[in-house]
Amino acid sequence: MKRPAAMRMLLGGFAAVLLLGGCGGGGGTPQSQGPAPAGPVSVLAWTPPTTYNDNVALDPERDLEYYEIYVRQDPNFTDSDLPAIQVAAVATTISPDGLTVVRSPVTEFTLELIPSLPPGNQVYVSMRAVGIDQQKSAFMAPVAWDRS
């Protein structure tokens with residue numbers, strides 16, 4: 001369904017959290033953006049949006065194209081900011097039987113995989129969902145990332 005240009009994805013329920021882990025191993029969504037970081041990792045995890053601003057249902061597996069992750073030295077994200085990285089909204093994997101492709105929403109990203117980060121021990125991270133029609137959600141509330 002094509003959405004009018006004025007419609008945006010509703011971020012109610014579109015939450016993100018910064019998780020700190022002690023190691024880079026374990027399960028989770030496969031990420032092919034680069035080599036696994038050595039040492040502790042910081043993972044941005046979120047719940048995909050499920051409605052547009054007008055409360056029309058949004059299917060993240062069908063209606064979202066990717067997420068844009070932004071990083072700044074302050075929490076004042078604006079439309080003129082450029083994303084640090086784009087992350088696919090849906091991951092495809094081969095089923096265990098090797099006969100079918102399984103599509104699942106991507107709900108986390110290892111921040112150390114971002115190729116270029118601003119200097120400083122504390123930066124702020126935000127993200128936006130981008131639909132297949134290229135409409136963008138508003139920025140999520142910034143999350144402080146302490147890299148020290």
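None of these values were measured; they are calculated from a predicted model.

What counts, and where the lines are drawn
- Residues numbered from 1 in each chain as written.
- Predicted model: local features only at pLDDT ≥ 70, side-chain atom pairs only at ≥ 80, totals over all residues.
- Heavy atoms only, no water.
- Pairing = 2+ DSSP bridges.
- Helix = DSSP H or I, 4+ residues; strand = E, 2+ residues; numbered from the N terminus.
- Axes fitted to C-alpha atoms, helices over the stretch in contact; angles between N-to-C directions.
- Phe/Tyr/Trp six-rings, centres within 6.5 Å; stacked < 30°, edge-to-face > 60°.
- Buried < 20%, exposed > 50% of the residue type's maximum accessible area, 1.4 Å probe, protein only.
- Lys NZ or Arg CZ within 6 Å of the ring centre and 35° of its normal.
- Salt bridge = Lys/Arg side-chain N within 4 Å of Asp/Glu carboxyl O.

**A short note on the sheet that holds strand E3 (residues 64-72)**
1) Next: Pairing within the open sheet is antiparallel, and its 4 strands lie in the order E4-E3-E8-E9. What marks the edges here is a single partner per strand, and that holds for strand E4 (85-88) and strand E9 (143-146). Averaged over all adjacent pairs, the angle separating strand axes in this sheet is 30°, with direction ignored.
2) Next: Taken together, the 4 bridges between E3 and E4 define a ladder with antiparallel strand orientation. The residue of E4 that forms the bridge with Tyr66 is Ala88.

**What to know about the packing of aromatic side chains**
1) Next: Inspection of the entire model under this criterion finds 4 aromatic pairs.
2) Next: Taken together, a centroid distance of 6.4 Å and an interplanar angle of 75° make the contact between Tyr70 and Phe77 edge-to-face. The two residues Tyr70 and Phe77 agree in class, both being buried.
3) Next: Directly above the ring of Phe139 sits Arg128, whose terminal nitrogen or CZ lies 4.5 Å from the centroid.
4) Next: Across the ring face of Trp145, the terminal group of Arg147 is positioned such that the distance to the ring centre comes to 5.6 Å.

**As for the pattern of salt bridges**
1) Next: A full pass over the atoms with the stated rule returns 7 salt bridges.
2) Next: The residue Arg62 makes a salt bridge to Asp59 at a minimum N-O spacing of 3.9 Å.
3) Next: Asp59 sits in the partly exposed class, given a relative accessible area of 31%.
4) Next: In this structure, the salt-bridge partner of Arg128 is Asp79, at a minimum N-O distance of 2.7 Å. Taken together, the residues span a long stretch of sequence, with Arg128 in strand E8 (residues 122-131) and Asp79 in the loop between E3 and E4 at a distance of 49 residues.
5) Next: Among the residues examined, Asp79 registers a relative accessible area of 66% and is labelled exposed.
6) Next: What emerges from the salt-bridge pattern is a single network uniting Glu68, Asp79, Arg128 and Lys136.

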